[in-house]
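The lines below spell out each chain.
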2 protein chains.
Amino acid sequence: MKENKSIGEILRENREKKGLLLRHVSAKLDIDTAILSKIERSERKASKEQILKLAEILDLDKDNLLIQYLSEKILYEIKDEALGSKALKVAEQKMKYINKNKSGD
Amino acid sequence: MKENKSIGEILRENREKKGLLLRHVSAKLDIDTAILSKIERSERKASKEQILKLAEILDLDKDNLLIQYLSEKILYEIKDEALGSKALKVAEQKMKYINKNKSGD
DNA sequence: TTACACTTGACAATTAATGTCAAATATATT
DNA sequence: AATATATTTGACATTAATTGTCAAGTGTAA
């Protein structure tokens, strides 16, 4: 029941599945291979633009990849916080509230 | 059923309730009044340290204030994202997974 | 019109994010 | 073993975001 892959793992798996080298993909992203290597090993974070480009290059679903990316960003914010779980729940509450009241304002 | 106050609103309300001036509180925080003014009007974000100090100064529950603070930080990350809600849900899933598997590792 | 609290915006300093490059490590292949 | 290729590592440069100061402005009340 292995279900939790990091963005980095997803990117590496799919790059290798397509037989692409860091060199090939990083060229399309217009960055050094070093950075892509770090992104795949979760040593650096990608930018949103890079994620979208990577989805194209690797034929991955953009929305899915973006959701994974954003959720990692969220977790990064609270990773060292004892109250992280509670903060997440409150954020969801607020989100509901915002969405409910988002009309002409 | 007004339930959603920003951290800034909470801070201002409680500062005024105690009859304190920006000058008084900002001195304790060791910052310019301008910044505190901006924090209270949500024009700037406070730091975690400032939030904890403010909880002390204003006699507010630290955990509560911190949760509010963190949840705002989370929302800030996804405020312009169409997929924000979904990302939040996925973050919660991942959080559960992490907490479940956090033993000696 | 003076006094006081707060706000605004231009700017400076500091810190974090994002990138390059060259050298170090694998891992094959000859 | 030696060469070739792919990836990793870390020192460093550049850029962007955060966090702050300061001085002038606005609002309100004595």
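Preceding block: the structure.
Residues numbered from 1 in each chain as written. Chains lettered and ligands numbered in written order. Predicted model: local features only at pLDDT ≥ 70, side-chain atom pairs only at ≥ 80, totals over all residues. Heavy atoms only, no water.

Student: Just checking my understanding: could you explain the overall build of chain A for this structure?
Tutor: What chain A contains, in helices and strands, is six helices and zero strands. Going from the N terminus to the C terminus, chain A shows its helices and strands as α-α-α-α-α-α. The C-alpha atoms of chain A give a radius of gyration of 17 Å, which is well past the 13 Å a tight globule of 105 residues would have. Taken over the C-alpha atoms alone, chain A extends approximately 45 × 35 × 30 Å along its principal axes. A total of 105 residues make up chain A; the buried ones form 40% of that total. (Helix = DSSP H or I, 4+ residues; strand = E, 2+ residues; numbered from the N terminus. Rg over C-alpha atoms; globule rule 2.2 N^0.38 Å. Buried < 20%, exposed > 50% of the residue type's maximum accessible area, 1.4 Å probe, protein only.)

Student: Looking at this model, I keep getting lost on the side chain of E81 of chain B. Mind explaining?
Tutor: Within the fold, E81 of chain B resides in the loop between helix 5 (62-78) and helix 6 (84-100). If near-sequence neighbours (up to four positions away) are discounted, E81 of chain B is found in contact with K48, L66 and L70 of chain A. (Contact = heavy atoms within 4.5 Å.)

Student: Teacher, can you tell me more about the interface of chain A and chain B here?
Tutor: By convention, interface size is frequently given as the accessible area that disappears when the constituent parts associate. Counting residues at the interface gives 30 residues for chain A and 30 residues for chain B. Buried surface at the junction of chain A and chain B, both sides included, amounts to about 3300 Å², of which 67% is carbon and sulfur. There are four salt bridges connecting chain A and chain B. A salt bridge links K48 of chain A to E81 of chain B, with the nearest nitrogen and oxygen atoms 3.1 Å apart. Those elements giving two or more residues to the side of chain A that touches chain B turn out to be helix 5 (62-78) and helix 6 (84-100) of chain A. No other element matches the 14 residues that helix 6 of chain A contributes to the side of chain A that touches chain B. (Buried area = accessible area lost by both parts, 1.4 Å probe. Salt bridge = Lys/Arg side-chain N within 4 Å of Asp/Glu carboxyl O.)

Student: Which parts of the structure should I look at to understand the relation of the copies chain A and chain B?
Tutor: Look at the two chain copies: a rotation about an axis and a shift along it is all it takes to match them. The operation relating chain A to chain B is a screw motion whose rotation component is 180 degrees, with 0.0 Å of axial translation and a residual RMSD of 0.0 Å. The transformation relating the two chain copies, once decomposed into turn and shift, fits a two-fold axis. Every residue of chain A has its C-alpha some distance from the rotation axis, and the shortest such distance is that of I74 of chain A, at 2.9 Å. Looking at chain A, 100% of its interface residues are interface residues in chain B too, so the copies touch through the same face. (Least-squares fit on C-alpha atoms with pLDDT ≥ 70 in both.)

Student: Got a minute to help me understand the nonpolar core in this structure?
Tutor: A general trend in soluble globular proteins is that nonpolar side chains are found buried together. Grouped together as the largest cluster of nonpolar side chains are 54 residues, with contacts concentrated most on I74 and L88 of chain A together with I74 and L88 of chain B. If we skip the residues at most four places from it in the chain, I74 of chain A touches L88 of chain A together with I74, I78, A87, L88 and A91 of chain B. (Core = buried A, V, L, I, M, F, W, Y, C linked by side-chain atoms within 4.5 Å.)

Student: I'm lost on the environment of K18 of chain A in this one. Help?
Tutor: Residues and elements named next belong to chain A. On the secondary structure map, K18 appears in the loop between helix 1 (7-17) and helix 2 (22-29). The spacing of K18 and E49 is 31 residues in sequence and 21 Å in space, taken between C-alpha atoms. Sequence-distant contacts of K18, that is, excluding residues within four places in its chain, are made with I57, L58 and D59.

Student: I tried to follow helix 2 of chain A on my own but got confused; where do I start?
Tutor: Every α-helix carries 3.6 residues per turn, so stepping three or four residues along brings you back to the same face. Residue and element names in this part refer to chain A. If you check which residues of helix 2 are buried, you get V25, S26 and L29. In an axial view of helix 2, the angular spread of the buried residues amounts to 95 degrees, which keeps them on one side of the axis. Opposite the buried face of helix 2, at more than 90 degrees from it, the exposed residues are R23, A27 and K28. On the buried face of helix 2, the contacting elements are helix 1, helix 3 (33-40) and helix 4 (48-57). D30 lies just past helix 2 and shows a positive phi near 60 degrees. (Arc of directions from axis to C-beta.)

Student: Looking at this model, I keep getting lost on the protein's contact with DNA strand C. Mind explaining?
Tutor: Looking at DNA strand C, there are 16 residues lining it, with D32 of chain A together with R12, R23, S37 and R41 of chain B nearest. One nitrogen or oxygen atom from the side chain of R23 of chain B is found 2.6 Å from a phosphate oxygen belonging to DNA strand C. Those elements that provide at least two residues to the surface near DNA strand C are helix 3 of chain A together with helix 1 (7-17), helix 2 (22-29) and helix 3 (33-40) of chain B. Residue composition of the surface near DNA strand C, by class: six nonpolar, three polar and seven charged. (Near = heavy atom within 4 Å. Polar contact = N/O pair within 3.5 Å; in protein donor to acceptor, adjacent residues only side chain to side chain. Nonpolar A, V, L, I, M, F, W, Y, C, P; charged D, E, K, R; others polar.)

Note that all results are geometric; they support no functional claim without further evidence.
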